[in-house]
Every structure is written in structure tokens, then in C-alpha cells.
Amino acid sequence: MTWLVTGGAGYVGSHVVRAFIDNDIKVMVYDDFSSGRREFVPSGVPIIEASITDADSLAQVLHTPGITGVVHVAGLKYAGVSVQDPLEFYRVNVEGTRVLLAQCVAADVRNFVFSSSASVFGTPDVDLVTEESALNPESPYGESKVIGEWLLRDLARAEALQGRPPFRHTSLRYFNVVGSGAPGVYDVSPHNLFPILLDAVSEERRPELFGDDYATPDGSCVRDYIHVADVAAAHVLAARALAADRSLAPAYNLGRGEGVSVREIIAAVEAVVGRAVPYDVGPRRAGDPARIVTSADLARAELGWKASEDLLEMVASAWKAWTDASVEGSARLG
Ligand SMILES: NC(=O)c1ccc[n+]([C@@H]2O[C@H](COP(=O)([O-])OP(=O)(O)OC[C@H]3O[C@@H](n4cnc5c(N)ncnc54)[C@H](O)[C@@H]3O)[C@@H](O)[C@H]2O)c1
């Protein structure tokens, strides 16, 4: 049994690759290296360098004997950037997913785990969102994730209607993925809080807090932070369940059910680095909801998944990975 991990050279994907290897499940990585890094992929893992929009390359790899399923992590991920370049997000995230699904069915690869996102909910009006909460994406990025989930649903229904073997799938909606679960692998996103913060702290610059006048207890945005290794572990559980012919819910929210503010993150960074982190307060960023936190009850009940790492471990592992990379001279954003 071998799983193809698209985007396996990225931050989340390379942790998924490690989680599969640690559980004795073979993997292959399919990545175009547009944001992924070759050094993030563990040695010995076969790599196909190509785009998910390239039907011929996909057809070739998906016909490799023994491919059980696909974990589809590849994609573009910045909500703000997607507002400026929606067509590119639709090309990669929607068209890429459509091409990949078409090639999966053509090759009779019928197990599929999709990387979705909390952004499908937009700005929720409840304290804890669940899988039942209304989908209300507020950016082309969030919309592309909703469409990805619909593509899976509609394909599975069509396959059933045609009396073909089931197309088994689920979507894992990650909340704010942070931390590091492997030496030398860390989030390099120039738009995410942790890398922005750690980059500034390591260079002794003052980071900027985007807005302190939200309707939250300390005025800064509240998010549900989740360790990347916990997120990766959920993919193993989902892949095993699908391969064992268990039907899963169309989507699971992956979070810790605990809201943490940006100011609390900065305090945790101060605790980890052992010094004060002075920061500037700037204007709000467009499209940032005040608070989004999820219940993970469904993932616990049906996947047997539970986040195990706490906030301090998330910050400590992220800081260690960042400083190790700085020592090696490879720490950089983007
Ligand atoms: N990081 C988060 O907090 C977060 C939260 C929710 C959802 N997600 C989703 O998880 C996935 C991975 O996020 P990440 O943080 O690891 O991002 P990342 O940029 O580190 O990884 C994305 C990977 O996909 C590859 N890729 C991009 N376009 C491709 C294409 N056309 N063909 C093949 N490979 C391609 C990149 O090279 C990279 O290796 C994304 O789909 C993202 O939307 C991430």
C-alpha cells in the first residue's frame, strides 16, 4: 500500500510524509516545488516533480502498481493573496484538484484525503464552529477549498450512480497549523503569524500586531492553533480508515477547541526565548476574522484523533526549528 502525497515537499505535506513513514505506510511525493523545499522531503522517498494541473504526469504516477490513495495537500494558501489573484488560485486549487480527481478515477485510485481549511467558515457567528456550521468563505482561497470539498462529494455521488466501486474521501479542515515535528522542517510562509514573529525575534526587529481593537478579551485576533504533527497524524487515521473501507464524514475540523490570542502567542514566545518581545501595533489586515475556534469532537469520535501538543510545545518546536535553520544559514521566509 502506497499513498501519493501531493504537496509533500511543503510544510504540512512533509510532516504528513513523515507520519506515514513512521506508521510503516509507503509514500511518494508529487510536488512542483513552487513553495516546497527538496530538503523537507525525507531521503529515500520517491519524488515526482510536476504540477497537479499536468494530467499526463498524474496519469503516469497514478498507474504505478500499488497506489492505494492520494493525500492531496498541494495548493496555494494565502487568503489575502487570493483576493489579488483569484484566477491563479482557481487554476491551482480548483482546476488542479479537478485534474487530479479525473486521473484518480481513470487509474482506479479510489481513496482520497483532501487538505481543506478553516477559511471555509469565513467569520463565524458562534464561539465554537462544528462541521455543521455554515460555510461562508470570504476569499477566493476559502472558496477554492469549498469547491474542492464539493468536487469530492459530487464525484463520489456520480461514481455511485454509475454503479462503480465507491470513491472514498474525506476533507480535513485545518485550523491554524504551527510548530515543527521534524528537524529542519518549519513554516516559511511570509504571511503567517509564527514565521513573521520568529523571523523578527531572531533578527531583533519589532514584529507588528495587526489590529488590537477586535471584540476579543485582549483586542487581538483569536485563533485555534494546532501542532503540525497532530495535523499530520489525522491524515494517517483518515487514510487507514478509507483503505479499510470505512466510510468517513465528508469533512472533519482539526483544532484544539481553545482560542488563543495574538498577544497570548507573543507572551508564549517571550516565555520560550526568555526575553521580552516588544512589538508595534498596526492596522487590521483585511479579511482577518476576530475569532475562529473549532470543536474537534467529530474527529475524536470518528477518527479517534485528538491533538496532543499544547501551546508552549508548538511555540518551542517552531522556535527550535527556526533557530536551527538560522544556524545552518537556511532560515528564510517564502
Ligand atoms: N499551513 C496552514 O496553516 C494551513 C491551514 C489550513 C489549510 N492548509 C492547506 O494545507 C495545504 C498545505 O499548506 P502548507 O502550509 O504546507 O503550504 P506549503 O506552501 O508549504 O505547501 C504547499 C505545497 O504544495 C506544492 N504545490 C503548490 N502548487 C502545486 C502544484 N500546482 N502542483 C504540485 N505541487 C504544488 C508546493 O510546492 C508545496 O510543497 C494547502 O492546501 C493549504 O491550503 C494549510
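Residues numbered from 1 in each chain as written. Predicted model: local features only at pLDDT ≥ 70, side-chain atom pairs only at ≥ 80, totals over all residues. Heavy atoms only, no water.

- You can read under Cofactor (unreviewed entry) in the UniProt record for the chain the words "NAD(+)".
- Note on the chain: under the UniProt heading Sequence similarities (unreviewed entry), the record states "Belongs to the NAD(P)-dependent epimerase/dehydratase family." (UniProt positions renumbered as here; feature names shortened; annotations may be inferred.)

1. Notes on the domain arrangement of the chain
- In terms of domains, the chain is made up of domain 1 (2-177 + 226-254) and domain 2 (179-224 + 257-328).
- Each of domain 1 and domain 2 has a C-alpha centre, and these two points are 24 Å apart.
- Taking both sides of the interface into account, the surface hidden between domain 1 and domain 2 amounts to around 3,100 Å²; carbon and sulfur atoms contribute 62%.
- Summed over the shared surface of domain 1 and domain 2, the number is 2 salt bridges. (Domains from an automatic or database assignment. Buried area = accessible area lost by both parts, 1.4 Å probe. Salt bridge = Lys/Arg side-chain N within 4 Å of Asp/Glu carboxyl O.)

2. A word on the packing of helix α2 (residues 55-62) against helix α4 (residues 86-106)
- Running from N to C, α2 and α4 point in directions that differ by 35 degrees, and their axes come no closer than 9 Å. As for the relative orientation of α2 and α4, their crossing is right-handed in sense. Facing α2, whose interface residues are A55, L58, A59 and L62, α4 presents V99, L100, Q103 and C104. (Axes fitted to C-alpha atoms, helices over the stretch in contact; angles between N-to-C directions. Helix = DSSP H or I, 4+ residues; strand = E, 2+ residues; numbered from the N terminus. Left-handed = near helix turned anticlockwise from the far one by under 90°. Contact = heavy atoms within 4.5 Å.)

3. Observations concerning empty space enclosed by the protein
- For the structure shown, the criterion picks out 1 cavity of 30 Å³ or more.
- One number sums up the size of the largest cavity: a volume of about 60 Å³.
- Every residue lining the largest cavity is listed: Y11, V178, G179, Y186, D187, F194, P195, L198, A318 and W322.
- Residue assignment for the lining of the largest cavity shows that the elements contributing at least two residues are α6 (193-202) and α10 (311-328).
- Ranked by residue count, the leading element in the lining of the largest cavity is α6, at 3 residues.
- Taken together, the residues of the lining of the largest cavity sort by class into 8 nonpolar, 1 polar and 1 charged. (1 Å grid on protein atoms, 1.4 Å probe; cavity = no way out; pocket = protein on both sides within 12 Å on 5 of 7 lines; lining within 4 Å. Points joined across faces, edges and corners; volume = space filled by probe spheres on them. Nonpolar A, V, L, I, M, F, W, Y, C, P; charged D, E, K, R; others polar.)

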